Structure formats: C-alpha cells, structure tokens
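Inside the fold
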Amino acid sequence: MKNSFTLVLFLLLSGSLLSQNAEIKIPDSYSNIIRKGENLYFKNPVNGRLAPQKVAHPFEQIQNLAVMPTGTKTGIDFDFKNSSFTGTIYYGLFSSQPQKYAYPVYFKKSAVIKNGKAEINLKETAGRYDIAGWEKTGQMKLGYRIVNARGVILYDGKINIKGKGPFTPDLTITEGPLVNILSENGAVISFETNKLCQPDIVVNGKKYNNPSETGLHHEIKLSGLEADKSYRYTVHYGNYSETYSFKTAPREGSRTAFTFAYASDSRKANGGGERNIYGVNAYILKRMAVLAAKEKAVFMQFTGDLINGYSSSIGQQRLEYANWKSTVEPYWHYMPFVIAPGNHEAFLKVFDNGSHYGISVDNFPFDNVSAEKVFADEFVNPQNGPTTEDGAYYDPDKKTTDFPSYKETAYYYVYDNIAMVILNSNYWYTPSVSQIPLTGGNPHAYIMDNQLEWLKKTLAKLQNDDRIDHIFVTLHTPAFPNAGHGGDDMWYHGNNQIRPWVNGKPVKKGIIERRDQFLNLLINQNPKVLALLCGDEHNYTRMLINDNTPRYPKGYKKPEVKLTRGLWQITNGSAGAPYYGLQKMPWTNFVKEYTTQHALMLFDVDGKKVTLRVINPDTFEKIETVVLTK
Ligand SMILES: [Fe+2]
C-alpha cells in the first residue's frame, strides 16, 4: 500500500541524494558505514579505505518511460527527454467490444523513436482499422509498447484518448484495477491513474470510495458483501468507467471445493522477446496466469523473485514491478495474485569498493527506501504480520528504529478451510555472506527471531482453529535446496556459522539451528501444516522431509531435531527465470519429482482432501498429479 506522497518523495530522493544524506541516520544495526560531510561511505575496518556510495541512474526508470504523451492534430507525440534514446513504439487499439481479458491489437504500422521522440498517427487507425469506434464516439483506448534499439521491450502502456483529430490524451487507469486481500465479505481494489482524481467503485448499486484519496494511487475497500458469491464491480473515474468481477471467499471453514495456484521466480530470462519485458519473463508469467484462470483458480500465490531487482535506483525497481503487474493484470482484475518477496526484490544501498557488486546492504532510511518498504508500496497485502526485528535481544537501541518493517512482506490469510502463512526470508538482506561480518545484515534464507516468534504464534492460532484443515507455509527459500542453491538457502554446505550480524556482533543461532527450529514448528508442533511452498530454484522439485532425511553436515555438534512426521517441501521457481539442474545433496534420495519444465502448481482442495496437479503452462503437458497427505 502506498500513497502518492511517498512516490513523490522517492523521486525527489533519487534526485537530491547529497542533501538527503546529511539528514539520514545510519541505523545502529549496521557497522562500518559512516558519514563524512554529506556523503556516506563504507569504511574498510582492515585498511581504512573508504568506498563511496554509488547510485545507478539508468534511463530505464518508470518516470522516464511511463510519460504522458501530448495530443496533436493527427495523433499523439511522446517525448522521453533523452536525445540518445532510439527504438520503436508498437501500438494498437483496444476493441470496443466487450472482452473479459482485454489486450490491445497492434496496428500494422509502428512509430520510430529518434532523439528520444516519437509521433503516432492515429488518423491512420480510422475506417476499417477503427475497432475502438473512435470515429463515432471520439473515444479510444490505445495500448503501446516501448522497445529500445536492441529490441528489449521496456514498457507496455495504455492511454485513454479523446477526440477525432485533434486528439487529447486523457485520464487513464494506467495500472489495475487489481483484486487484493480477498475475504468472505469483500476485497481491496487497487489501481493507478495518470492524473489526480477521486474515483469510486459501484457494486450492486452501492458506491464505495475513499474520500481522503485524491492522488494517483487508489485503494478502495469493498465490504459488506455475501460470502462465496460473484460480484461485478465498476470503477468510475472522471468520465470513464471499467467493469470487472470477482468472487468473495467462502465462509471460513465451509469446506467447499476450490483450486488455488502457486508459482514463483519470473525474473527475466534469455531468449529474446517477451522473455524479458525489462526485468520480467513476461512470456512464461503470462502463460501461468492464463492457465490459472483456465483452471478457475480462486487465487494465485506467488512467492518471490518476480523481477530482476537488486537495484539501487527506485525508478528502475518500480519499472520492473510495473512490468510484472501489467503482465498478469488482465487476470488480476478478477482473481487475487498474492505476492511475497524473494532475494531479487532486494533494493540496495551500494558502496563502490571496486568490486563488481560493491558493498551492498538493505537500503535506508528503512522507513522510506528499504527493500521492504518499496515492496510494500507496490503490493496490497494483509497487515497482520510481525512488525520488525526491533525489540529482539540483539536490537542495539531499544528506543530507535534499527531494522526495516515487515509490513506487507510477511503475513497470513485464510481461504475457506486453508490458511497460507507467508514469510519474508530475505528480510534486512545483505547479499554477500562474506560481507555480513563487516557491514551487518541478514543472510539469504535466515528467519530472524521476531519473525520466527510470530510464525510460532500464528501457526498455534491456526492449528487451534476448527475451521482450518490445512496450513501451507510459503517462503522464497527452501529449507532443503536441491537444484541451484546447494551453497545457500538453509544449508550453506552445512555451515552453521552463517547467521546475521547486528551492530558488529553475530547473533546466537546459526542457519542450521534456525532451520531446525523452523522444521520443529512446521512438522512437530503443528500437524495441520501440509506443505512448505518455496522458490529460488528455477525448476519444480517435490521432496519429502521426515526423520530419515539426512540433514546434518559431518561432525555437526549442535543438538539435532527429531521429526515426528513427514512434510512435503515443494519448490517451484519455474515461472521463467533461467533454469538450474539437480545437484547432489545429502537428501537427494528424498526428491520424488523434479523437472525443468515451466510448471504451474494447482491445489484442488476438497475438504480434507488436497490433490496437487502440476501442469506446464506453455504446452499444457501434465507433469504430475499427487494426493498430498500429512
Ligand atoms: Fe531467489
């Protein structure tokens, strides 16, 4: 959730780094990050060398590409304010005929971008090409695709245009509407507009709006609806309206039959075309959404690595998020996509020490520019998760904010008789484990104390709730990596020394000890937990974890956890990121299914029975069907 004010602040921040730095408090949780004058540095504690902060300023940022065109007598002009930008704009009208999943149909001509400028002649879309009916109504919706000179698709936009010549770009929903936080009596509908406006949504004659909201980002809560019922909703904005529909969740515990979908890891890949719409493998991701809709999934859970990310430029990170959302948007009008973060959602403060990646830590001030805050601004998720790691025994100052907020990055929701518990296993993430003792930060896959405590309480509550038969726990990083991440996730070649460092000190528990605490909660203490859903590895891997699963390095000295039953760990990072092959791990014999095919998981829940169907969304080939038992 965000407000437009924060957006403006972000853009200002990226533009006036120096004056901002003078006011930024360096969190006490970090070490060896210092300020000299108005500049921030990493100071190498061994040789005293200073590495200055470095911010990337690529042209590929949302504010440089999602620009408002100007109207002309014959069409519209784009000015990207960059004389060296060359490329192509493909464009086409949206049909005026009713269509559930609407896309523009590209016109036979395209426009050249030269010296950062392009002209689109809309008069040419008259006559037999006028599928929008603009010659009669003076209204059209135009879709357009910006492609650079190397053929990389940078951004897909849409714009309402009025007039029959001259033409005038008008108020438009540029993103959404999207269905979020689905409940038995409503949902939160979110969308972005290109101009300030105060929209409302009408459902069954009742008007919903948010009078305090007059910005560009809109979130309108629909409530008081009946459970398990389809509703049409019409968004009214300016002189325009758009109608979609969604179905409320069944009453909790009513045990209707339903299907939900799961996948993760859709960041960009090789192969050209839509396999990289700047930062996103839109080709496979879209196929995932199409198959989920075809199978009537009631929601799709998507756990991490949506985008390429790892940026230090807010506009670049936001462009990638925008591309992810626009890829699945036609489906998200009707069913929720519930999003959790992974490592690629990292948004970093980078110090240039001459190395390729530099010294990188989660960006601060945490309240404005942490990866967690940027993520929370992009998605509309439940706010029922842990708060922060402030207050844990390792918190260096109980009075100040020394850690980012978990808000909207860890949370849970209930749908009928299942609960989905979402963890953020890249919280306060420092990408390089060798750098962690120097700067502080949390390694990939480590669940810190307050989040683990929240998980314990949340699972206990759901375990005791008679309406719930099955609990799914999802986080980006598998407990047991099998194909691509043998060197990290919750294993690190069995190196229990791996752990967060706070304020120059390591925390008490290492990664293997923490994994065991995690397994103890999921397996021993909460028998309703049916499966652990992960990603990070770009393939589909279904694995059984039980007491016979080898899970310790040779010579491990810490207490070992006994497991009282089996649990499925299902990793499905196959939504488009570059593939990984199977690795030889101590527990490889417990892998029951593995494929590098792109795979959508569909859970058919029917009371106590849960059947998992796995289908290739590109070819519709069936990968496996298995009844999941506890
Ligand atoms: Fe990942």
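Residues numbered from 1 in each chain as written. Predicted model: local features only at pLDDT ≥ 70, side-chain atom pairs only at ≥ 80, totals over all residues. Heavy atoms only, no water.

A look at the overall build of the chain
Looking only at helices and strands, one finds 11 helices and 35 strands in the chain. In terms of C-alpha radius of gyration, the chain reaches 25 Å, essentially the compact-globule figure of 25 Å for 630 residues. Over its C-alpha atoms, taken along the principal directions, the chain stretches across nearly 80 × 65 × 45 Å. Counting every position in the chain, which comprises 630 residues, the buried fraction comes to 60%. Considering only contacts in the chain between residues 6 or more positions apart, those separated by 24 or more positions represent 69%. On the chain, the mean spot of the 71 positive side-chain charges and the mean spot of the 61 negative ones are 2 Å from each other. (Helix = DSSP H or I, 4+ residues; strand = E, 2+ residues; numbered from the N terminus. Rg over C-alpha atoms; globule rule 2.2 N^0.38 Å. Buried < 20%, exposed > 50% of the residue type's maximum accessible area, 1.4 Å probe, protein only. Contact = heavy atoms within 4.5 Å. Lys, Arg positive; Asp, Glu negative; His and termini not counted. Charge placed at Lys NZ, Arg CZ, Asp CG, Glu CD.)

With respect to the packing of aromatic side chains
In this description, a pair of aromatic rings is defined by centroid distance and the angle of the planes. Within the structure shown, the criterion is met by 39 aromatic pairs. With a centroid separation of 5.3 Å and 85 degrees between ring planes, the pair formed by phenylalanine 107 and tyrosine 129 is classed as edge-to-face. Here the residue phenylalanine 107 occupies a position in strand 7 (residues 105–113), and tyrosine 129 occupies one in the loop between strand 8 (117–121) and helix 4 (134–137), the gap between them amounting to 22 residues. Taking relative accessible area as the criterion, tyrosine 129 reaches 26% and is therefore assigned partly exposed. For the pair phenylalanine 302 and tryptophan 324, a centre-to-centre distance of 5.1 Å together with 70 degrees between the ring planes defines the contact as edge-to-face. Here phenylalanine 302, found in strand 20 (residues 300–303), pairs with tryptophan 324, found in helix 6 (residues 314–332); they are 22 residues apart in sequence, far enough to count as distant. Members of the aromatic cluster, each reached through a chain of ring pairs, are Tyr30, Phe364, Phe366, Tyr393, Tyr394, Phe403 and Trp428. One Lys or Arg, lysine 141, reaches over the ring of phenylalanine 94 and ends 5.2 Å from the middle of that ring. (Phe/Tyr/Trp six-rings, centres within 6.5 Å; stacked < 30°, edge-to-face > 60°. Lys NZ or Arg CZ within 6 Å of the ring centre and 35° of its normal.)

Digging into the coordination of the iron ion
Looking at the metal site, the iron ion is ligated by Asp305 (OD), Asn343 (OD1), His476 (NE2) and Asp536 (OD), spaced 1.9 to 2.2 Å from it. Because the angles between the four donor atoms bound to the iron ion fall within 89 to 151 degrees, the donor set is best described as irregular. Along the chain, the residues donating to the iron ion are arranged with the sequence spacing D-x37-N-x132-H-x59-D. Note that asparagine 343 is positioned in the loop between strand 21 (337–340) and strand 22 (348–351) and aspartate 536 in the loop between strand 29 (529–534) and strand 30 (540–545), a separation of 193 residues in sequence. (Donors = N, O, S within 2.8 Å, 3.2 Å for Na, K, Ca; no water. Tetrahedral: all angles 85-135°; square planar, octahedral: opposite > 155°, others 65-115°.)

Some remarks on empty space enclosed by the protein
The full count for this structure, using the stated rule, is three cavities of 30 Å³ or more. Along the walls of the second largest cavity sit 14 residues, with Glu345, Ala346, Ala371, Glu372 and Asn426 positioned nearest its centre. Per-element tally for the lining of the second largest cavity: the top contributor is helix 8 (residues 371–378), with three residues. Within the lining of the second largest cavity, the residues separate by chemical class into seven nonpolar, four polar and three charged. (1 Å grid on protein atoms, 1.4 Å probe; cavity = no way out; pocket = protein on both sides within 12 Å on 5 of 7 lines; lining within 4 Å. Points joined across faces, edges and corners; volume = space filled by probe spheres on them. Nonpolar A, V, L, I, M, F, W, Y, C, P; charged D, E, K, R; others polar.)

Focus on the pattern of salt bridges
Inspection of every chain in the model, using the stated rule, returns 26 salt bridges. Here glutamate 175 and lysine 325 are joined by a salt bridge, their closest N and O atoms 3.0 Å apart. Taken together, the positions of glutamate 175 in strand 12 (residues 173–183) and lysine 325 in helix 6 put the pair 150 residues apart, joining distant regions of the chain. Residue lysine 325 is classed as buried on the basis of its relative accessible area of 2%. Of the charged contacts in the structure, one is a salt bridge between arginine 613 and glutamate 295, with a shortest N-O distance of 2.9 Å. Of the two residues, arginine 613 sits in strand 34 (residues 609–615) while glutamate 295 sits in the loop between helix 5 (282–294) and strand 20, which places them 318 residues apart along the sequence. Neither residue differs from the other here; arginine 613 and glutamate 295 are each classed as buried. Salt bridges here are not isolated pairs; linked through shared partners, they connect Glu175, Arg318, Lys325 and Glu378. (Salt bridge = Lys/Arg side-chain N within 4 Å of Asp/Glu carboxyl O.)

Describing the sheet that holds strand 12
Spatial strand order, 12-13-16: three strands in an open sheet with antiparallel pairing. Lying at the two open borders of the sheet, with one neighbouring strand each, are strand 12 and strand 16 (217–222). Neighbour-to-neighbour, the strand axes of the sheet open up by a mean angle of 15 degrees, direction not taken into account. The pairing of strand 12 with strand 13 (residues 186–193) spans six bridges and is antiparallel. Opposite serine 183, over in strand 13, you have glycine 186 as the bridge partner. (Pairing = 2+ DSSP bridges. Axes fitted to C-alpha atoms, helices over the stretch in contact; angles between N-to-C directions.)

Concerning the packing of helix 10 (residues 449–463) against helix 11 (residues 511–525)
One can describe the packing of helix 10 onto helix 11 by two numbers: an axis separation of 11 Å at closest approach and a directional angle of 5 degrees. The orientation of helix 10 relative to helix 11 falls into the category roughly parallel. Contact residues: helix 10 offers Asp449, Leu452, Leu455, Lys456 and Leu459, while helix 11 offers Arg514, Gln517, Phe518, Leu521, Leu522 and Gln525. Classifying every residue of the contact of helix 10 with helix 11 gives six nonpolar, two polar and three charged. (Parallel < 35°, antiparallel > 145°, perpendicular 65-115°, else oblique.)

Observations regarding unusual backbone geometry
Cis peptide bonds are those with omega within 30 degrees of zero, and the linkage from glycine 165 to proline 166 qualifies with 5 degrees. Tracing the backbone through its elements, the reader meets proline 166 in the loop between strand 10 (153–162) and strand 11 (168–169). For the bond running from glycine 176 to proline 177, omega is 0 degrees, close enough to zero to count as cis. Along the polypeptide, proline 177 turns up in strand 12. The phi torsion at lysine 296 lies on the positive side, around 55 degrees, for a residue other than glycine. Within the secondary structure, lysine 296 sits in the loop between helix 5 and strand 20. A residue is classified by how much of its surface remains accessible, and lysine 296, at 67% relative accessible area, is exposed. At asparagine 503, a position not held by glycine, the phi torsion is positive, near 55 degrees. For asparagine 503, the position within the fold is in the loop between strand 27 (501–502) and strand 28 (505–506).

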